Amino acid sequence: MAAETPSPEVINLMGDVAELMLAEIDDLVAEMDAAEVELSPAAGSDAAVLADTSASNRANAVRLLSMFARRDAKMAPIDIPPEALDVARTVARRGLDLDLIFQSYRRGQNVAWSRYLKHAAQLESTGPLLFELLEVASARMFEYVDHVVAGVIAAAQREREEVLGGAIARRAETIRLILDGAAIDTGRAGERLGYDLRQRHTALVLWTPPHGDVQGALESAAAVLARAAGTRPPLTLSVGPSTLWAWLGSSSEPVVDALSDAITQAQNHIRVAVGPTRPGITGFRRSHEAALAIQSLLAGHPGGARVALFRDLEVTALAAQNPDRAAEFVSATLGPLAEDTSAAARLRDTLRVFLDEADNAPRAAGRLHTHRNTVLQRVARATELLGYQPGERRLAMELALELAHQLGPRVLTAPQPGA
């Protein structure tokens, strides 16, 4: 992680590199344009899209590099260039996939960063100063691009809604009817949605803590996940400032195991609950209900995994339907291990992984990134606090540990005085 206050030497060097890049801005923009046309030749053949994209690339590059060249110790507030918002309007009016914006920005960022690396190495060939420079410059470049791309995608979504007029309202109404179990013809509903309801469906709920205007980021994340799962582009419905419902349609089983890696391409505050894959209009509804249950389970515990699959958490969700009863069960089963302390958390986590690995200490140690002797010592300490061997009540023990792991403070007990 970059230092909060970089050294003056790094700030000056970062400005020197930026000035070199500003001096060759025409070449930089041309290379960014070419990389983005390669991503989408169809968009590149549209003169208006190409002109707006090039203007946006220039405006963003000049703005970011000028920020670096000012040699400010702290990152200045980020404003989205008007040229970038022009692209949003053009993309929306042409009916292009909004994920094209996200992918284009990443292509452009890669080009700019490659040039930055080359110039940085020319000014400072090696050593700690170069390392700190790259760390600080990379962090600031990512912060700028993440902020701008989220704003641009959100603007494109708003523009598309205006262009489509009542289409968004009709989509929301149709989805609500399906979810309410209303008698609705599958073919007609699919036509209204532009989505085949006869296929298999995997529902997603994407959410984030309140974080400004994040709808563009959520839409982009849904598109990234659909691509990773090997499905068609998602059907989406915004249901609030920080929540998006989505469905991935497919003719076969999607690759849901790929979603955990794919979510790293999205903004780091976005989390996803994934329902089971089910067929037909009933499956559309059932998968969504399951995804909502997983979101409800995890929403109050921000420290959990970013992607949560229903298949992994179905039993936990069933056990947690009555939160008070779940807390009583955890307390009765885990005893002192149910305390909301860091020491108890280490013992719980070690014991949970140890039991999941069939009492195999070396495998548990590998997952926990520690030594097998440390695992055995913690398991022995946990057993001492429990007062019985965990294997004697294995099913209850594993469930209680999983509830504590997924729900955190909601099912844990306050520390005892002096703990």
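Please read these numbers as outputs of a predicted model, since none were measured by experiment.

1. Structural notes on the side chain of Glu219
Now for step 1: On the secondary structure map, Glu219 appears in helix α10 (residues 215–229).
Now for step 2: Comment: no salt bridge for buried Glu219; closest opposite-charge side chain is Arg171, at 5.3 Å.
Now for step 3: What Glu219 contacts, discounting residues up to four positions off in sequence, is Gln157, Thr236 and Leu244.

2. Looking at the packing of helix α1 (residues 8–23) against helix α6 (residues 99–123)
The angle between the axes and the distance between the axes are what describe a pair of packed helices.
Now for step 1: Axis separation between α1 and α6 bottoms out at 9 Å; the angle between their running directions is 120°. By the angle between their axes, α1 is oblique relative to α6. Regarding α1 and α6, the two cross each other, and that crossing is right-handed. Along the contact surface, α1 presents Leu13, Met14, Asp16, Val17, Ala18, Leu20 and Met21, while α6 presents Ala112, Arg115, Tyr116, His119, Ala120 and Leu123.

3. What about the domain arrangement of the protein?
A common way to report how large an interface is uses the accessible area buried once the components associate.
Now for step 1: Domain annotation for the protein reports domain 1 (8–163), domain 2 (197–317) and domain 3 (323–410).
Now for step 2: Between domain 1 and domain 3, the C-alpha centre-to-centre distance is 47 Å.

4. Brief notes about the packing of aromatic side chains
Now for step 1: Overall, the coordinates contain 4 aromatic pairs when judged by the stated rule.
Now for step 2: Ring geometry for Trp113 and Tyr116: centres 5.6 Å apart, planes at 10°, overall stacked. Highlighted residues: Trp113 and Tyr116, both in helix α6, separated by 3 residues, approximately one helical turn. When sorted by exposure, Trp113 lands in the same class as Tyr116, which is buried.
Now for step 3: Judged by centre distance (6.1 Å) and plane angle (65°), the rings of Tyr195 and Phe284 are edge-to-face. Remark: Phe284 occurs in helix α12 (residues 280–298) and Tyr195 occurs in the loop between α9 (186–193) and β1 (200–207); sequence separation between them is 89 residues.
Now for step 4: You can call Phe284 buried: its relative accessible area is 0%.
Now for step 5: Here the aromatic cluster, defined as three or more aromatic residues joined through ring pairs, consists of Phe68, Trp113 and Tyr116.

5. Some thoughts on the pattern of salt bridges
Now for step 1: By the definition in use, this model includes 22 salt bridges.
Now for step 2: Two residues, Asp16 and Arg71, come together in a salt bridge whose shortest N-O distance is 2.6 Å. With Asp16 in helix α1 and Arg71 in the loop between α4 (47–69) and α5 (82–94), this residue pair connects regions lying 55 residues apart in the sequence.
Now for step 3: In this structure Asp16 comes out as partly exposed when scored by relative accessible area, which is 31%.
Now for step 4: Between Glu31 and Arg115 there is a salt bridge; the shortest N-O distance is 2.9 Å. Of this pair, Glu31 sits in helix α2 (residues 25–39) while Arg115 sits in helix α6, and the two are 84 residues apart along the sequence.
Now for step 5: One network of salt bridges, with partners in common, ties together Asp356, Glu357, Arg363 and Arg367.

Cut-off values and rules
- Residues numbered from 1 in each chain as written.
- Predicted model: local features only at pLDDT ≥ 70, side-chain atom pairs only at ≥ 80, totals over all residues.
- Heavy atoms only, no water.
- Helix = DSSP H or I, 4+ residues; strand = E, 2+ residues; numbered from the N terminus.
- Buried < 20%, exposed > 50% of the residue type's maximum accessible area, 1.4 Å probe, protein only.
- Lys, Arg positive; Asp, Glu negative; His and termini not counted.
- Salt bridge = Lys/Arg side-chain N within 4 Å of Asp/Glu carboxyl O.
- Contact = heavy atoms within 4.5 Å.
- Axes fitted to C-alpha atoms, helices over the stretch in contact; angles between N-to-C directions.
- Parallel < 35°, antiparallel > 145°, perpendicular 65-115°, else oblique.
- Left-handed = near helix turned anticlockwise from the far one by under 90°.
- Domains from an automatic or database assignment.
- Phe/Tyr/Trp six-rings, centres within 6.5 Å; stacked < 30°, edge-to-face > 60°.

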